[in-house]
Amino acid sequence: MDSSLKIPSDAGGPLYVIGRQHSGNTMLATLLGQHPDVYSFTGEGAFFEHRGSIRKQSDPLPAVVQEVGGGADPSLSVSRRDELLQTLRKKEAPGESVVELYAHGKRLVAQAEGASRWVQKATSYVFYINDILQSLPSSRLIFLLRNPLDLGASLKKRASWSRVLRMAWGWNRGVRLAHRWSHEERVRLVRYEDLVRRPEPLLREVCSFAGLSFDEALLEVPHVNRSETPYNTNSVATGLDDSRVYYYRDVLTPEEEAVVRAWVNPDRLQSAYPDLPAPREHVAARRIGLMIQAMGGLVQTLAADHASTLMQNPGHVLDRVRRRI
């Protein structure tokens, strides 16, 4: 077996940002990627979701390379993926696991950019924490927590309010799993609100957790993927600020706020955000109407997201549902 494909347990390992959608994950992954030792994959990672089906393929390498580059939202050009495929094919050894090939591919990409480590944004990986820690013992995972009312505001600004109930359900489940794993030294829970309100001390803590040296230049992160713009990772504006903390009061109506609160676990919300403003008064009839619309949106989004995949790969969809339930 090629020793260059081994994953050293004592080396500075990969970093994963695994908060729920719209929680600032792209921002944090971009920020960490500004460190000279780290290369950032800001496309959505999905390797561990597809690992089971990939390893069943007679030739898994093309699928591994696709996931190395970010899956459906690739960070690598076609030419770089082709080059990586040929490199891994030359080094592939009999019995080599797809995880080892995946990790080696990630390291090759990082090394080509002058970095020794890499960070991957992967919002679904909160459901795969155990798989990652077992497969990549040197990895570190950061769950970026953001209050669900501001997540609802972000959805509304993106014209995606129909997904609000799915967001609330995912927030409940994700936060519960993150707290369950928070005792593990390789998993860290970080509030988005604390990061943007107290950026330097929080970033020092994150760098210490990740085994990285702190540099103030990391704080000058570009304003990426903001809710009022299409997905983007480039911006001339830089820095962290708290303008999006509790901005839901300027974006959501009192009735929309009530819909989010009705679906979010109140104990987890109170525990994570004891300083959250009190609920605003609202018109009950309007809230009920919005709730009915939101439930319809939940059904539509679930069908739209899973129907085609269910036909092509039912095992993958069933595994996703099982892990989330």
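Treat the numbers as computed from the prediction; the structure is a model and nothing was measured.

Engineer: Honestly, the nonpolar core in this entry has me stumped. Any pointers?
Structural biologist: Note on soluble globular proteins: their nonpolar side chains tend to be buried together. Judged by nonpolar contacts, the single largest core of 95 residues is most densely connected at Y16, L32, F48, Y102 and Y125. Among the elements that take part in this core, helix α8 (residues 164–181) stands out by supplying nine residues, more than any other. Apart from the residues lying within four places of it in its own chain, the contact partners of Y16 are F48, Y102, W118, Q120, Y125, I132, L136, S139, R140, L141 and I142.

Engineer: Would you take a moment to explain the sheet that holds strand β5 (residues 187–191) for this structure?
Structural biologist: Pairing between sheet strands relies on hydrogen bonds along the backbone, with the strands arranged either parallel or antiparallel. Sheet architecture is open: five strands sit in the order β2-β3-β1-β4-β5, paired in parallel fashion. Two strands bound the open sheet, and with one partner strand each, they are β2 (38–41) and β5. Mean inter-strand twist for the sheet, computed between neighbouring axes without regard to direction, equals 20 degrees. Two strands pair when backbone bridges link them, and strand β1 (residues 15–17) and strand β4 (residues 140–145) are joined in this way by three bridges, in the parallel orientation. Residue pairing in the sheet places Y16 in a bridge with L141 of β4.

Engineer: Would you mind showing me how to read the environment of R268 here?
Structural biologist: If you trace the backbone, R268 turns up in helix α13 (residues 266–272). On the basis of relative accessibility, which here comes to 24%, the residue R268 falls in the partly exposed class. The contacts of R268, once residues within four sequence positions are left out, are W171, N172, V175 and R176.

Engineer: Even after reading the chapter, I still don't get the packing of aromatic side chains, so can you show me in this structure?
Structural biologist: Ring pairs (aromatic) are described by centroid distance and by the angle formed between their planes. Here the structure, examined in full by the defined rule, presents 12 aromatic pairs. Taking the centre distance of 6.4 Å and the plane angle of 75 degrees together, the rings of Y246 and Y248 count as edge-to-face. Assessed through its relative accessible area of 12%, Y246 is described here as buried. By relative accessible area, which is 0% here, Y248 ends up buried. The ring of W118 carries K106 above its face, with NZ or CZ at 5.5 Å from the centroid. Positioned above the aromatic ring of Y246 is the side chain of R197, whose terminal nitrogen or guanidinium carbon lies 5.4 Å from the ring centre.

Conventions used here
Residues numbered from 1 in each chain as written. Predicted model: local features only at pLDDT ≥ 70, side-chain atom pairs only at ≥ 80, totals over all residues. Heavy atoms only, no water. Core = buried A, V, L, I, M, F, W, Y, C linked by side-chain atoms within 4.5 Å. Buried < 20%, exposed > 50% of the residue type's maximum accessible area, 1.4 Å probe, protein only. Helix = DSSP H or I, 4+ residues; strand = E, 2+ residues; numbered from the N terminus. Contact = heavy atoms within 4.5 Å. Pairing = 2+ DSSP bridges. Axes fitted to C-alpha atoms, helices over the stretch in contact; angles between N-to-C directions. Phe/Tyr/Trp six-rings, centres within 6.5 Å; stacked < 30°, edge-to-face > 60°. Lys NZ or Arg CZ within 6 Å of the ring centre and 35° of its normal.

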